[in-house]
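The chain contents come next:
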Amino acid sequence: VIVKITFWGATDEVTGSMTFFENENHLGMVDAGLSQGSNDAKERNFSTLPFPASKIEAVVVTHAHLDHSGYLPRLVRKGFHGAIHCTPVTAEIIRVILEDSAKLSEDEENPLYDINDVKKTLKLIRTHAWDSEFSFLGTRATLIPAGHILGASSLVIEGEKRIVFSGDLGREDDYLIPPPLPCPKADVVVMESTYGGK
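What counts and how
- Residues numbered from 1 in each chain as written.
- Predicted model: local features only at pLDDT ≥ 70, side-chain atom pairs only at ≥ 80, totals over all residues.
- Heavy atoms only, no water.
- Helix = DSSP H or I, 4+ residues; strand = E, 2+ residues; numbered from the N terminus.
- Buried < 20%, exposed > 50% of the residue type's maximum accessible area, 1.4 Å probe, protein only.
- Contact = heavy atoms within 4.5 Å.
- Patch = residues over 30% accessible without salt bridge, like charges linked within 9 Å, V, L, I, M, F, W, Y side chains within 5 Å.
- Areas by Shrake-Rupley, 256 points an atom, 1.4 Å probe, with all protein chains shown as cover.
- Salt bridge = Lys/Arg side-chain N within 4 Å of Asp/Glu carboxyl O.
- Pairing = 2+ DSSP bridges.
- Axes fitted to C-alpha atoms, helices over the stretch in contact; angles between N-to-C directions.
- Phe/Tyr/Trp six-rings, centres within 6.5 Å; stacked < 30°, edge-to-face > 60°.
- Polar contact = N/O pair within 3.5 Å; in protein donor to acceptor, adjacent residues only side chain to side chain.

Enquirer: Report on the overall build of the chain, specifying residues and quantitative values.
Expert: Helix and strand counts for the chain stand at five helices and 11 strands. Dimensions of the chain, computed from C-alpha atoms along their principal axes, come out at roughly 50 × 45 × 30 Å. When burial is assessed residue by residue, the chain has 48% of its 198 residues classed as buried. Relative to all contacts within the chain whose residues are 6 or more apart in sequence, the contacts with residues 24 or more apart total 59%.

Okay, structure coming up:
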């Protein structure tokens with residue numbers, strides 16, 4: 001089985017996390033975030049994806065921050081209709097963040113998405129408790145605690161190889177959120193590196 005990983009967002013910048021995951025004839029994504037802050041962020045958010053949205057079968061969202069979940073309604077507007085997997089807490093925070101994002105952009109001449117796109121997006125969410133197995137593109141997948149914010153997870157994919165997507169990781173000494181679990185043994189680790197230099 002050939003697995004192909006394509007990094008689309010957050011490659012030369014901190015925001016806009018999007019990773020395409022191909023497993024045989026299946027196509028999915030880990031995170032679907034908006035680009036933020038840079039001069040060309042809006043242009044990046046309107047740019048054409050490397051794959052048609054309608055071909056994407058599923059998305060796993062590691063946590064609810066806009067730079068990891070904010071592109072979801074745009075994906076739906078462009079034809080995505082698959083499952084969106086995340087923890088129950090992440091789903092609750094995503095609802096608040098996406099509704100707010102749509103409201104902020106409703107006065108723009110050409111909004112990225114609107115509240116109707118958000119409503120359609122929320123109907124696609126499937127929640128999973130930590131350590132609860134679910135199917136993702138023909139593999140077994142599990143979300144494990146990553147710290148960072150409430151509901152944040154790392155993704156463990158079990159196929160012929162074990163692949164771990166770290167998501168954004170929390171600190172060991174956070175007063176409110178338990179620290180991330182140690183990474184399980186893996187053949188491949190895809191690591192967020194926002195704080196890689198510290």
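Enquirer: Give me the lowdown on a nonpolar patch on the surface, citing residues and values where you can.
Expert: Residues Leu169, Val189 and Met191 make up a contiguous nonpolar surface patch of roughly 250 Å² in combined accessible area. The residue Val189 is located in strand E11 (residues 188–190) in this model.

Enquirer: Give me unusual backbone geometry: which residues, what numbers.
Expert: Despite not being glycine, Asp131 has its phi angle at roughly 65°, a positive value. With respect to the helices and strands, Asp131 occurs in the loop between strand E6 (125–127) and strand E7 (134–136). Backbone geometry places Leu137, a non-glycine residue, at a positive phi of 55°. Locating Leu137 in the fold gives a position in the loop between E7 and strand E8 (139–145). You can call Leu137 buried: its relative accessible area is 5%.

Enquirer: I'd love a proper account of the sheet that holds strand E3 (residues 26–32), names of residues and values included.
Expert: If you trace the six strands from one edge of the open sheet to the other, you get E1-E2-E3-E4-E5-E6, paired in mixed fashion. The outermost strands of the open sheet, each flanked by one partner alone, are strand E1 (3–7) and E6. Going from strand to strand, the sheet's axes swing by 25° on average, the running direction of each strand aside. Bridging between E1 and strand E2 (residues 18–23) involves five bridges; their strand directions are antiparallel. Within E2, the position partnered with Phe7 by the bridge is Thr19.

Enquirer: Quick one: what's the story with the packing of aromatic side chains, residue by residue and with numbers?
Expert: One pass over the full model with this rule turns up three aromatic pairs. Ring centres 6.1 Å apart and planes at 75° place the aromatic pair Phe21 and Phe165 in the edge-to-face group. With Phe21 in strand E2 and Phe165 in strand E10 (residues 162–165), this residue pair connects regions lying 144 residues apart in the sequence. An aromatic cluster of at least three residues, connected via ring pairs, comprises Phe21, Phe136 and Phe165.

Enquirer: Which residues make up the side chain of His63, and what values do they have?
Expert: Topologically, His63 is positioned in the loop between strand E4 (58–60) and helix H2 (66–69). Within polar-contact distance, the side chain of His63 engages the side chain of His148 at 3.4 Å. At 3.5 Å, the side chain of His63 forms a polar contact with the side chain of Asp168. Residues contacting His63, with those up to four places away along its chain left out, are Asp31, His68, Ser69, Thr90, His148, Ile149, Ala152 and Asp168.

Enquirer: So, the pairing of E10: which residues are in play, and what are the values?
Expert: Taken together, the four bridges between strand E9 (residues 153–158) and E10 define a ladder with antiparallel strand orientation. Note that in E10 the partner of Ile157 across the bridge is Ile163. The turn joining E9 and E10, which pair antiparallel and follow one another in sequence, is formed by three residues. Inspection of the sheet shows E10 paired to E11 by three bridges, in the parallel sense. Counted as the bridge partner of Val164 is Val189 from E11.

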